[in-house]
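Chain residues, written in single-letter form:
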Amino acid sequence: MMKTVTVMVERLYKHPRYKKYMRARKKYAAHDEENVCNPGDMVRLKHSRPLSKTKRWVVSEIVRKERIFDSDAVNAAVKERVRAEKLMRAEAERGFAAGGEVGTP
């Protein structure tokens, strides 16, 4: 489904009997002509004529863009950090064991 985005709209309402605030979610299929929306973006919808069986909305603007992470760079950074921490722990254990042996009579 090119040029189609699924938008989740969330609203709060008060339950009539229990007086507790409930969260209701509804999903809409919307048309994105330039195909520029990414997961997590906050968009504004505008009602339109039926474009397909389920599409009756058009993305009029992107209110807020979600940050996009380069997963390969993030994974490489995490692996490097884990490797550095393992080296530090190994050096600390060797230093502690050597220090313990030197101080014993």
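You'll find the structure just up there.
Residues numbered from 1 in each chain as written. Predicted model: local features only at pLDDT ≥ 70, side-chain atom pairs only at ≥ 80, totals over all residues. Heavy atoms only, no water.

**Let's talk about the side chain of aspartate 41**
The test is simple: Runs of H or I in DSSP of at least four residues are treated as helices and runs of E of at least two as strands, each being numbered from the N terminus. Distance and chemistry together define a polar contact, namely a pair of N or O atoms within 3.5 Å, with one atom able to donate a hydrogen and the other to accept it when in protein, and with adjacent residues in sequence counting only for side-chain atoms on both sides. Contacts are assigned to residue pairs that have any heavy atoms within 4.5 Å of one another.
Summarising the element assignment, aspartate 41 is placed in the loop between β2 (21-31) and β3 (42-47). A distance of 2.8 Å separates the side chain of aspartate 41 from the backbone nitrogen of asparagine 38, its partner in a polar contact. At a separation of 2.8 Å, a polar atom in the side chain of aspartate 41 contacts the main-chain amide nitrogen of glutamate 66. When neighbours within four sequence positions are excluded, aspartate 41 is seen to be in contact with Val36, Ile62, Arg64, Lys65 and Glu66.

**With respect to the pairing of β2**
A regular strand places its side chains on the two faces of the sheet in alternate fashion. Selection rule: A pair of strands is labelled paired if DSSP reports no fewer than 2 bridges between them.
Sheet topology places strand β1 (residues 4-14) next to β2; 11 bridges connect them, and they run antiparallel. Within the sheet, the bridge partner assigned to valine 5 lies in β2 and is alanine 30. What sits between the antiparallel neighbours β1 and β2 is a turn of 6 residues, in which lysine 19 has the positive phi angle 60°. In the sheet, β2 pairs with strand β4 (residues 55-64) via 3 bridges, with the strands oriented parallel. Paired with histidine 31 across the strands is valine 58, a residue of β4.

**Focus: the packing of aromatic side chains**
In this description, an aromatic ring pair is defined by two values, namely the gap between the centres and the angle between the planes. What counts here: Stacked, tilted and edge-to-face pairs are distinguished by plane angle, under 30 degrees for stacked and over 60 for edge-to-face with tilted covering the rest, among Phe, Tyr and Trp rings (Trp via its six-membered ring) whose centres lie within 6.5 Å.
Under the criterion given, the structure shown has 1 aromatic pair. Seen in terms of ring centroids, tyrosine 28 and tryptophan 57 are 5.6 Å apart; in terms of plane orientation they differ by 70°. Their pairing is edge-to-face. With tyrosine 28 in strand β2 and tryptophan 57 in strand β4, the pair connects residues that are 29 residues apart, well separated along the chain.

**Remarks on the nonpolar core**
Our working definition: For this analysis, a nonpolar core means a set of buried residues of the types Ala, Val, Leu, Ile, Met, Phe, Trp, Tyr and Cys, connected via side-chain atoms within 4.5 Å. The buried label applies to any residue whose accessible area, calculated with a 1.4 Å probe on protein chains only, is under 20% of its type's maximum; exposed applies above 50%, and partly exposed to all values in between.
Val5, Val7, Ala30, Cys37, Val43 and Val59 form the largest nonpolar core, which has 6 residues in total. In this structure, valine 5 is in contact with Tyr28, Ala29, Ala30, Asp32, Cys37 and Val59, ignoring residues within four places of it in sequence.

**Overview of unusual backbone geometry**
Phi angles above zero are rare outside glycine, and lysine 3 is one such case at about 65°. Along the polypeptide, lysine 3 turns up in the segment before β1.

**Examining the pattern of salt bridges**
How we decide: By convention in these notes, a salt bridge is any Lys or Arg side-chain nitrogen within 4 Å of a carboxyl oxygen on Asp or Glu.
A full pass over the atoms with the stated rule returns 8 salt bridges. For arginine 81, the salt bridge is made with glutamate 85, and the minimal N-O distance between the two is 3.4 Å. Of this pair, arginine 81 and glutamate 85 both sit in helix α1 (residues 71-103), 4 residues apart, which is roughly one turn of the helix. The class for glutamate 85 is partly exposed, based on a relative accessible area of 34%.

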